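# Observations on the three-dimensional arrangement
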Amino acid sequence: MPDADDVRRVALSLPDSTEKVAWSMPTFRVAGKMFATLPEDETSMAVRCPKVERDELVLAEPGKFWIADHEAGFAWVRVRLSALEDEAELRDVLADSWRQAAPTKLLDAHPELGLPADG
């Protein structure tokens, strides 16, 4: 089961990623834009997710994904770290969020971070 240290390591392994404390919690950014946070007691993470996909994820896997009340109007979803299958799933979730925040130039320079494999 991935933990906060795994989130930090994987997030910072993504190109041009940095960590910054904001709102008293670790946040992870690419080109100055947040793509992940470790809120509360670091047992979950918040990641970027288009609202339509977010709602589908929450309905399909409510034990893994949920929407924090204060984030309901934004394209973010919470992920329970204990519900992730393994580090590969953690990497897919973080890479997907990174792609949503990264500038086109950076995306073009890292095609290996394309869409996650089906499976």
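Residues numbered from 1 in each chain as written. Predicted model: local features only at pLDDT ≥ 70, side-chain atom pairs only at ≥ 80, totals over all residues. Heavy atoms only, no water.

## Some thoughts on the overall build of the protein
Along the backbone of the protein there are 4 helices and 6 strands. Reading the secondary structure of the protein in the N-to-C direction produces α-β-β-β-β-α-β-β-α-α. Its C-alpha atoms give the protein a radius of gyration of 13 Å, near enough to 14 Å, the size a compact globule of 119 residues would have. Projected onto the principal axes, the alpha-carbon positions of the protein cover approximately 35 × 35 × 30 Å. Across the 119 residues in the protein, those meeting the buried criterion constitute 42%. Counting contacts in the protein only where the partners sit at least 6 residues apart, residues at least 24 apart contribute 49% of the total. As presented, the protein carries roughly 6600 Å² of accessible surface, and 54% of it is formed by carbon and sulfur atoms. (Helix = DSSP H or I, 4+ residues; strand = E, 2+ residues; numbered from the N terminus. Rg over C-alpha atoms; globule rule 2.2 N^0.38 Å. Buried < 20%, exposed > 50% of the residue type's maximum accessible area, 1.4 Å probe, protein only. Contact = heavy atoms within 4.5 Å. Areas by Shrake-Rupley, 256 points an atom, 1.4 Å probe, with all protein chains shown as cover.)

## Thoughts on the environment of Ala-95
Residue placement: Ala-95 occurs in helix α3 (residues 87-101). Residue Ala-95 is classed as buried on the basis of its relative accessible area of 6%. Here the alpha-carbon distance between Ala-95 and Arg-29, two residues 66 residues apart in the chain, equals 12 Å.

## Describing the pairing of strand β6 (residues 76-80)
The buried fraction of β6 is high, at 4 of 5 residues. In the sheet, strand β4 (residues 44-48) pairs with β6 via 5 bridges, with the strands oriented antiparallel. If you follow Ala-46 over to β6, its bridge partner there is Arg-78. As defined by bridge partners, strand β5 (residues 65-66) adjoins β6 across 2 bridges and the pair is classed as antiparallel. Bridging from a neighbouring strand, Phe-65 pairs with Val-79 of β6. (Pairing = 2+ DSSP bridges.)

## What about the nonpolar core?
With 27 residues, the main nonpolar core has Val-7, Phe-35, Met-45, Val-47, Leu-94 and Trp-98 as its most contacted residues. When contributions to this core are tallied by element, the ones reaching two or more residues are α1 (4-13), β2 (25-30), β3 (33-37), β4, β6 and α3. Here this core takes 6 residues from α3, the largest share from any one element. What Met-45 contacts, discounting residues up to four positions off in sequence, is Val-7, Thr-37, Leu-38, Pro-39, Val-77, Arg-78, Val-79, Leu-81, Leu-84, Leu-90, Val-93 and Leu-94. (Core = buried A, V, L, I, M, F, W, Y, C linked by side-chain atoms within 4.5 Å.)

## What to know about the pairing of β2
Most of β2 sits inside the fold, with 6 of its 6 residues counted as buried. The pairing of strand β1 (residues 17-22) with β2 spans 6 bridges and is antiparallel. Within the sheet, the bridge partner assigned to Lys-20 lies in β2 and is Thr-27. Taking the residues that link successive antiparallel strands as the turn, the β1-β2 hairpin has 2 residues, and the phi of Trp-23 there is positive, at about 55 degrees. Pairing geometry for β2 and β3, over 4 bridges, is antiparallel.

Keep in mind that these numbers describe shape and distance, not what the molecule does.
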